[in-house]
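Fold and geometry: a report
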Amino acid sequence: MKVIHLISGGDSGGAKTHVLSLLQNLNKTITAQLVCFRDGPFAQEARAMGIPTEIMAGNHIFRVRRQLTAYIRDGGYQIIHCHGSRANMIGAMLRKSTGLPVVSTIHSDYRIDYMGRPLSRLTFGTINALALRRLDYRIGVSDAMVDLLISRGFAPDRFYAIYNGIDFTPAPDQGDRLAYLRGLGADVDEDSVVVGIAARLNPVKDMATLIRGFAYAHRACPRLRLVIAGDGAERARLTALAQELGVERQVTFAGWISGGMDRFYSALDINTLTSLSETFSYALTEGARFHLATVSTAVGGIPNLIDTGVNGYLFTPGDWETLGRRLANLGNDDALRHDMGERLYQKASSQFSIQKTVDTQLHIYGEILRRHARPKADRDGVVICGAYGRGNAGDDAILEAILQEMRSIDPDMPVTVLSKNPRETRLSYRVRSVSRMNVPGWLGAMRRAKLYINGGGSLIQDVTSRRSLWFYLLNIRAAKRAGCAVQMYGCGIGPVTRGNHRQLSAKVLNRYVDVITLREPDSREELMSMGVTEPEILLTADPALTLRPAGNDVVDSVLLRAGIPPRGRYLCFALRQWSGFAERASLFGQAARYAYETYGLTPVFVSVEKGPDSAANRMAAQGLDGIPHYFLDNAGGAGAIIGALSRMEAVVSMRLHALIFAAGQGIPLAGVVYDPKVSAFLRYIGQEVFTNLNALTAENLKSMVDRAAAQAARPETQAAAVARLQEMERGNVSTARRLLGL
C-alpha cells in the first residue's frame, strides 16, 4: 500500500507529534510518503526520523496541484491523506485530477484554530471548512471530534476515529526526584504530593481553574504542591491569582521544559488537565505511562481513557471545587493514588499505544480502498424504521443490534434510519438518519435502497397509539411501492384490538411484506388470527439478545457515577408507568424491603426509558426509609445497561428489554406483565416466574423474589434457553442477506 501525506510543514504540538510518530511507524509496514509545503524544523525532524519527505513549496496552488498530480501518478499512490487547512484545500483539488480517495485527519476544532486571529479565521478558516466538506473521508482524533463534526452536518458514515498513541516502553530511571523538582524552583520535601500539568498558558487550557482547585485542595491537604510546565500570555495573570489565593509558595511556574518530558512526568504524583476543549491530549497518556493518578476535564475523547472513579477522575470544565475535592482525596490517600495510576496505565498501555494507533490507521486505509472500489449500483443498502430516537434503551438496543447485523452482512452497506431524533441517531450510530416527519427524505432513501426493515419491537399494535400503527403500515406500503424488498425483523405482533385495524394490518402485510421474522410464537398466532398468510413467516428471536455488555471499567464507572458501589449484592427493579401501576407501586417497595431483609439484596431501580421510568421507580421506592437503595436513571447505551444488569443477582421487571438484557446474561428473572409481549418472551425462554400487573399482590411479588433468588444458584436452564434463542436469532440475518441478494 502506498499513501501520500500532505501537510503545511509548520505544524507543532499534538498534530506534529501525531503525524511524525504515525508516519515513522507506518513506514515499517507500508509506504507513507510525506509532502510538506515548506521546509523547516518539521520537515527536518521527519527526515531525522527516517520518514521519506519531499518539499513542494510555493504559493501558486494550481502549480502545486499539477506537480502533485504528476508525482502521485508516477509514484503509484493509492490514497491521499491530508493534515491541516492548506493540505485540505489542495487535497480537495486533487480528488478529480487523480481519481483517488482523499481523507483528512482533523486534529482540532477548525472553528477555534484561529482564535484571536479574526482575519486568518475569516480566510483560512473558511477555506478549510469548505475543503473539509469536499473530501471523501474524515478521521477525527477521538470519537468526540467525530461527534462534533457530525453535529455540524458532515456525513456520519464517512467518518473514522483514531486516538493519539504513544510508545509505552518503560522509561529508564530519571534520577533524583527532589533534586529535579527543586531545580525547577518547587518547594518540596519527602512528604510532598506533587500535582503537575504540561500545557501552554493560554485561555483554552483554563489554568485559572487549576490554580483555584489547587488552592481549595491545599487547605484540606497541605502537603500538595503544584508544578506548571509551560509558558504563554496568561502567565502574569496566573501568577497574580496564585498570590491572591495565598498559594504562591506552593505553585511553581517552571516554564518550558527542555530535554523531553519523561523526567517531568516521573517526578509527579498526580497529573492534571483543565482544558475547555481538547481532542485527545498526549499529556494524559504520557502521564499514564508513568502510572500517574489523573484528574481531567471531561472534554473531547478523554472520557474514553478515564473511567471516572475507576482509573481517574473527570470534572466539568471550570468546576474548580470538584477538581479541588478530587486533588485532596488523592493527596490524602496514598493507596488510592497508586491504585488509580496503575489502572490507568493498564488501560492506556493496552488501548492507546502507538501500535494501536498504527493498526487503526491501517484498518482505516483498508476500508477506504475497499469502499472506493465498491461498484456503483442504482440500488444499494437498507432503510430501517422503528421506534428509535425516543430515549428508550430497549428500542435503541434493537436498532444497535440490527445495525451490527447489517454490518456483518456488508460492512460498507449504506444504511438510513428513520428516527424521531435523527441528530441523536446520527451521533450514536454513525449512520444516515432522517426524521420520521421528513416524508421526502425517507421516500428518497427508499427509492435508493434494496431492503426496507420494519425494525423489531412491537410496532404493529394499537394499544399505545393508533397513529403509530398507521405510520408503520404506511411506511411498509411506501417502501414496497418504491421498489424495496420488505422484512419485518425479529418483531412482536399485537395486540391489535380494533376490528378495522386488524383488517387494515392484514391487508397491508399480505400485500407488501416479503418476510416476517418473529421473536416469539404468540406473535405468529396473532398473525394467523388476523388472516396474515401471504408473507413468509419465520420464528426467530429478538435481535437485542445478541448484544454484549460493556467492559468492566465502563460498567464500574456507570455505577460509581450513580453512587452505586460496583461490587455489591443487588436486586434490580425495572418499572414503568402504566395503567394500574400507581395503585400497586408500593408493592414493589415492600418487595424491595423484603429482599434486603431476607436475602441481603440491596434494591437498584433502573430506568430503561429516561424520564417516565425514573418517576415510576421513585414512586415505588417511597416506602424504603432506612433501607439502602439506588437509582440508575441514565446508564447510557445498551452495553452499559446490560453490564449493569449483569451485576445484579436477580431482576424484577415490567420492561421487556430489561428482561431480555438480563436473560442474555443468565440473570434470574421475575416478570410483571402489563402487555402480552412480556409473558410471551418469558414463556419462550421457559421462564414461568411472572404475574400480571392487575393481579399483583405483596404475597405473590415476594414469592417471585424468593423463586428468583433460588434460581441464582442454578442458572443453567435459563442460560441454555437463551443460547438456543441466540442461535435462532441468526434467522433474522440470513433472511436479510437473502432479500439483499447476497
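What comes next is a walk through the structure. (Residues numbered from 1 in each chain as written. Predicted model: local features only at pLDDT ≥ 70, side-chain atom pairs only at ≥ 80, totals over all residues. Heavy atoms only, no water.)

**As for the overall build of the protein chain**
What the protein chain contains, in helices and strands, is 28 helices and 26 strands. Structurally, the protein chain occupies a C-alpha span of about 80 × 65 × 40 Å along its principal axes. Put simply, the protein chain has 742 residues, and 57% of those count as buried. Across the protein chain, every contact between residues at least 6 apart in sequence was considered, and the portion connecting residues at least 24 apart equals 71%. On the protein chain, roughly 29,400 Å² of surface is accessible, and the fraction owed to carbon and sulfur atoms is 49%. Side chains of the protein chain give 86 positive and 70 negative charges; the mean places of these two sets differ by 9 Å. (Helix = DSSP H or I, 4+ residues; strand = E, 2+ residues; numbered from the N terminus. Buried < 20%, exposed > 50% of the residue type's maximum accessible area, 1.4 Å probe, protein only. Contact = heavy atoms within 4.5 Å. Areas by Shrake-Rupley, 256 points an atom, 1.4 Å probe, with all protein chains shown as cover. Lys, Arg positive; Asp, Glu negative; His and termini not counted. Charge placed at Lys NZ, Arg CZ, Asp CG, Glu CD.)

**Comments concerning the sheet that holds strand β10 (residues 251-255)**
Taken in spatial order, the six strands make up an open sheet running β10-β9-β8-β11-β12-β13, and their pairing is parallel. Strand pairing shows two members of the sheet lacking a second neighbour, β10 and β13 (313-315), which therefore form its edges. Going from strand to strand, the sheet's axes swing by 20 degrees on average, the running direction of each strand aside. In this structure, strand β9 (residues 224-229) lies alongside β10, joined through four bridges in parallel fashion. The partner of L226 across the bridge, within β10, is V251. Helix α12 (residues 320-332) contacts β8 (193-198), β9, β11 (270-273), β12 (293-297) and β13 of the sheet and is inclined by roughly 180 degrees relative to β12. Packed onto the sheet, helix α13 (residues 334-351) meets β8, β11, β12 and β13 and runs at close to 75 degrees relative to β12. (Pairing = 2+ DSSP bridges. Axes fitted to C-alpha atoms, helices over the stretch in contact; angles between N-to-C directions.)

**Remarks on a positive patch on the surface**
A contiguous patch of positive charge on the surface is contributed by R477, R481, K507 and R511. Elements with a minimum of two residues in the positive patch: α18 (466-481) and α19 (499-512). Positionally, R511 belongs in helix α19. Residue class for R511 comes out exposed when judged on its relative accessible area of 57%. (Patch = residues over 30% accessible without salt bridge, like charges linked within 9 Å, V, L, I, M, F, W, Y side chains within 5 Å. Salt bridge = Lys/Arg side-chain N within 4 Å of Asp/Glu carboxyl O.)

**Here's the deal with the packing of aromatic side chains**
The geometry of an aromatic ring pair is captured by two quantities: the separation of the ring centres and the angle between the planes. Throughout the structure, instances matching the rule amount to 18 aromatic pairs. Their ring planes at 15 degrees and their centres at 6.0 Å tell us that Y71 and Y77 sit as a pair that is stacked. Take Y71: its relative accessible area is 22%, and that puts it in the partly exposed class. Taken together, the ring pairs in this structure connect F573, F581, F588, F605 and F631 into an aromatic cluster. The aromatic ring of F154 is capped on one face by R133, whose charged end is 4.0 Å from the ring centroid. The residue whose ring lies beneath R724 is Y684, and the NZ or CZ to ring-centre distance is 5.7 Å. (Phe/Tyr/Trp six-rings, centres within 6.5 Å; stacked < 30°, edge-to-face > 60°. Lys NZ or Arg CZ within 6 Å of the ring centre and 35° of its normal.)

**Examining the pairing of strand β19 (residues 515-518)**
Here β19 shows a buried face lined by V515 and T517 and a second buried face lined by I516 and L518. One ladder, built from three bridges, connects strand β18 (residues 485-493) with β19; its direction is parallel. Across the sheet, residue Q487 finds its bridge partner in β19, namely V515. Taken together, β18, α19 and β19 form a β-α-β motif whose crossover is right-handed. In this structure, β19 lies alongside strand β20 (residues 536-539), joined through four bridges in parallel fashion. The partner of V515 across the bridge, within β20, is E536. Between the parallel elements β19 and β20, the chain passes through helix α20 (residues 521-530) in a crossover that is right-handed. (Right-handed = clockwise from strand over helix to strand, strands pointing away.)

**Things to note about the sheet that holds strand β15 (residues 415-419)**
Spatial ordering of the open sheet is given by β16-β15-β14-β17-β18-β19-β20, a layout of seven strands whose pairing is parallel. In the strand order of this sheet, the two ends are held by β16 (432-435) and β20, each with one partner. Adjacent strand axes in the sheet meet at a mean angle of 20 degrees when their direction is disregarded. One ladder, built from four bridges, connects strand β14 (residues 382-385) with β15; its direction is parallel. Residue pairing across strands places V383 opposite T416, the latter belonging to β15. Sitting on the sheet, helix α15 (residues 393-409) is in contact with β14, β15, β17 (451-460) and β18, with an inclination near 150 degrees to β17. Contacts from helix α16 (residues 422-429) reach β15 and β16, with the element oriented near 165 degrees to β16.

**Description of the environment of Y630**
You can see Y630 is positioned in strand β23 (residues 630-632). Considered as a pair, Y630 and L451 are 179 residues apart in the sequence and their alpha carbons are 44 Å apart.

**Some words on helix α27 (residues 698-711)**
The periodicity of an α-helix, 3.6 residues per turn, causes residues three or four positions apart to be oriented the same way. For α27, spanning 14 residues, the distance from its first C-alpha to its last is 20 Å, which sits close to the expected 20 Å at 1.5 Å a residue. Buried within α27 we find A698, L701, M704, V705, A708 and Q711. Seen end-on, α27 carries its buried residues on one side only, within an arc spanning 150 degrees. (Expected span 1.5 Å × (residues − 1). Arc of directions from axis to C-beta.)

**Considering the packing of helix α8 (residues 207-220) against α12**
Running from N to C, α8 and α12 cross one another at 45 degrees; their axes reach a closest spacing of 7 Å. In terms of orientation, α8 lies oblique with respect to α12. Pair α8 / α12 crosses with right-handed handedness. Of the residues in α12, those in contact with T209, L210, R212, G213, F214, Y216, A217 and A220 of α8 are W320, E321, L323, G324, R325, L327, A328 and N332. Tallied by class, the residues present in the contact of α8 with α12 amount to nine nonpolar, four polar and three charged. (Parallel < 35°, antiparallel > 145°, perpendicular 65-115°, else oblique. Left-handed = near helix turned anticlockwise from the far one by under 90°. Nonpolar A, V, L, I, M, F, W, Y, C, P; charged D, E, K, R; others polar.)

**Re the side chain of R436**
Among the structural elements, R436 can be located in the loop between β16 and α17 (439-448). Buried charged residue R436 carries no salt bridge. Nearest counter-charge: D395, at 8.8 Å. Within polar-contact distance, the side chain of R436 engages the side chain of Y472 at 3.0 Å. With residues up to four places along the chain from it excluded, the contact list for R436 reads G386, A387, R390, L418, S419, K420, W442, F471 and Y472. (Polar contact = N/O pair within 3.5 Å; in protein donor to acceptor, adjacent residues only side chain to side chain.)

Read these as geometric descriptors, not functional statements.
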